[in-house]
Amino acid sequence: MRIRKSAGIFGAYEITIASRGSASKKQAVSLDRKQLADAQEKNDGVIQFTIPQGIGQEIAILCRDAAGNVYDKIYKNITVSTEWYIMFLANRPLLFGLSGTAATVIAIGTAGIVLRKKKRRRK
């Protein structure tokens, strides 16, 4: 995440990660005013953090400035994985679309076989 140098004076910055179905939350980044100033100088305003592997995670970013104003942003349903099948299962529209297509093809194939057998019996 990039913090603009013109964004004003920050008081605190926190990033929290929660897994789906879990009451526990993991704090990925927690920076005070001095640490934020160091990050802006050293990394050109970029704060990096690692998101653990998981399905349907929630990432909450809370930023507080020196005046006490609060900016919070929550990103829901974040999936991180290196496995193709987990990414496939997490992509609901693709999963349901492919399952529906497979079921339709099987149903049409079965109906075709049954109708062909009925036709042969009549002859």
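Residues numbered from 1 in each chain as written. Predicted model: local features only at pLDDT ≥ 70, side-chain atom pairs only at ≥ 80, totals over all residues. Heavy atoms only, no water.

A few points about the overall build of the chain
Then, number 1: Each helix and strand counted, the chain has three helices and four strands in total.
Then, number 2: Start at the N end of the chain and walk to the C end: the helices and strands fall as β-β-α-β-β-α-α.
Then, number 3: In the chain, which comprises 123 residues, the share counted as buried stands at 19%.
Then, number 4: Working note: accessible area of the chain is about 9300 Å², and carbon and sulfur atoms make up 56% of it. (Helix = DSSP H or I, 4+ residues; strand = E, 2+ residues; numbered from the N terminus. Buried < 20%, exposed > 50% of the residue type's maximum accessible area, 1.4 Å probe, protein only. Areas by Shrake-Rupley, 256 points an atom, 1.4 Å probe, with all protein chains shown as cover.)

Notes on a nonpolar patch on the surface
Then, number 1: Taken together, the side chains of Trp84, Tyr85 and Leu89 define a hydrophobic patch exposed on the protein surface, amounting to about 380 Å² of accessible area.
Then, number 2: In this fold, Tyr85 is placed in helix 2 (residues 84-90). (Patch = residues over 30% accessible without salt bridge, like charges linked within 9 Å, V, L, I, M, F, W, Y side chains within 5 Å. Salt bridge = Lys/Arg side-chain N within 4 Å of Asp/Glu carboxyl O.)

Looking at the side chain of Gln57
Then, number 1: Summarising the element assignment, Gln57 is placed in strand 3 (residues 54-65).
Then, number 2: Those residues in contact with Gln57 that lie beyond four places of it in its chain are Ile17, Ala18, Ser19, Ile51, Pro52, Tyr75, Lys76, Asn77, Ile78 and Val80. (Contact = heavy atoms within 4.5 Å.)

Things to note about the packing of aromatic side chains
Then, number 1: Applying the stated criterion across every chain yields a total of one aromatic pair.
Then, number 2: Ring centres of Trp84 and Tyr85 lie 6.0 Å apart, and the angle between their planes is 90°; this geometry places the pair in the edge-to-face category.
Then, number 3: Of the residues examined, Trp84 reaches a relative accessible area of 67% and is grouped as exposed.
Then, number 4: Note that Lys73 overlies the ring of Tyr75, its terminal NZ or CZ placed 5.5 Å from the centroid. (Phe/Tyr/Trp six-rings, centres within 6.5 Å; stacked < 30°, edge-to-face > 60°. Lys NZ or Arg CZ within 6 Å of the ring centre and 35° of its normal.)

So, the pairing of strand 3
Then, number 1: Taken together, the eight bridges between strand 3 and strand 4 (residues 70-80) define a ladder with antiparallel strand orientation. In the strand pairing of strand 4, Leu62 is matched with Asp72. (Pairing = 2+ DSSP bridges.)

Things to note about unusual backbone geometry
Then, number 1: Although it is not a glycine, Asn77 sits at a positive phi angle of roughly 60°.
Then, number 2: Mapped onto the fold, Asn77 is located in strand 4.

Some remarks on a positive patch on the surface
Then, number 1: On the surface, Arg116, Lys117, Lys118, Arg120, Arg121 and Arg122 cluster together into a positively charged patch.
Then, number 2: Position of Arg116 relative to the elements: it lies in helix 3 (residues 92-122). (Lys, Arg positive; Asp, Glu negative; His and termini not counted. Charge placed at Lys NZ, Arg CZ, Asp CG, Glu CD.)

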